[in-house]
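Descriptive structure summary
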Amino acid sequence: MTKLKLPPSVRRVVEICRSLGFRVFLIGARALEFYGVVRHTADWDLAIDQPFTVEVRDRLTEALRSAGFAVQWRKWGLYVDAAGVHVDINYAPLILDSEFISRCREAEGVFIPSPEDLVILKLASGERKDVEDLKKLLRLPLDLTYLRRRAFQAGLDRELWKIWRRVHGTRL
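A brief structural summary. Keep in mind it's a predicted model, so treat the numbers as computed, not measured. (Residues numbered from 1 in each chain as written. Predicted model: local features only at pLDDT ≥ 70, side-chain atom pairs only at ≥ 80, totals over all residues. Heavy atoms only, no water.)

Looking only at helices and strands, one finds 8 helices and 7 strands in the protein. Relative to a compact globule of 172 residues, whose C-alpha radius of gyration would be 16 Å, the protein shows 16 Å and is just as compact. By principal-axis analysis of the C-alpha atoms, the protein measures approximately 55 × 30 × 25 Å. Counting all 172 residues of the protein, 48% fall into the buried class. Relative to all contacts within the protein whose residues are 6 or more apart in sequence, the contacts with residues 24 or more apart total 64%. Surface exposure of the protein reaches about 9100 Å², of which carbon and sulfur atoms provide 51%. Each charge class in the protein can be summarised by its mean position, and for the 29 positive and 23 negative side chains these summaries are 5 Å apart. (Helix = DSSP H or I, 4+ residues; strand = E, 2+ residues; numbered from the N terminus. Rg over C-alpha atoms; globule rule 2.2 N^0.38 Å. Buried < 20%, exposed > 50% of the residue type's maximum accessible area, 1.4 Å probe, protein only. Contact = heavy atoms within 4.5 Å. Areas by Shrake-Rupley, 256 points an atom, 1.4 Å probe, with all protein chains shown as cover. Lys, Arg positive; Asp, Glu negative; His and termini not counted. Charge placed at Lys NZ, Arg CZ, Asp CG, Glu CD.)

As structure tokens, this is what we get:
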């Protein structure tokens, strides 16, 4: 595992989210780095543990703008220009439940999902860059019982099996 180091502006965004009572999760390529899987990216992807209701969106927008950050609303959450650093704050992923949270590691005030849960998040995203991330993640030592169950729960088991077969040449 790699030590996490948040830039000061990202740390400030996290502090603001936490001051409003949200748990903050680091997802995306930056979370992969924690497990030694590196893909260069300019942005920081965060998720909070509450859905983006109008009230949540407005409270978060007001707090971030009051701190001097530029905020734009997007269909998936908030785009924040944090002193020149791009931060996306996403709504809570569907799999963010007590089991997901209990398997996270905490560093620098953010929760980092387990590698198995990062696999599920990447499968759910389905973007081309995520397939390459998945191939790297699936080479890590993983709790395969948990991974299979979570993939099935999310309806992503077929996608997992296809990518697993490409990586390992065997069935999962």
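Let us keep going from here.
We now examine the packing of helix α6 (residues 128-137) against helix α8 (residues 157-168). One can describe the packing of α6 onto α8 by two numbers: an axis separation of 9 Å at closest approach and a directional angle of 60°. Put simply, α6 runs oblique to α8. Handedness of the crossing formed by α6 with α8: right-handed. Touching V131, L134 and K135 of α6 are I163, R166 and V167, all from α8. Its residues placed into classes, the contact of α6 with α8 shows 4 nonpolar, no polar and 2 charged. (Axes fitted to C-alpha atoms, helices over the stretch in contact; angles between N-to-C directions. Parallel < 35°, antiparallel > 145°, perpendicular 65-115°, else oblique. Left-handed = near helix turned anticlockwise from the far one by under 90°. Nonpolar A, V, L, I, M, F, W, Y, C, P; charged D, E, K, R; others polar.)

Taking 1.5 Å of rise per residue, 12 residues should cover 16 Å, and helix α1 (residues 8-19) covers 16 Å from first to last C-alpha, within 8% of that figure. Regarding α1, the residues found buried are S9, V10, V13, V14, I16 and C17. On an axial view of α1, the arc spanned by its buried residues comes to 160°, and they lie on one face. For α1, the exposed residues set more than 90 degrees away from the buried face come down to P8 and S19. The elements touched by buried residues of α1 are β1 (24-27), β2 (43-48), α3 (54-66), β4 (77-82), β5 (85-90) and β7 (110-112). Trailing α1 by a residue or two, G21 shows a phi angle of about 95°, which is positive. (Expected span 1.5 Å × (residues − 1). Arc of directions from axis to C-beta.)

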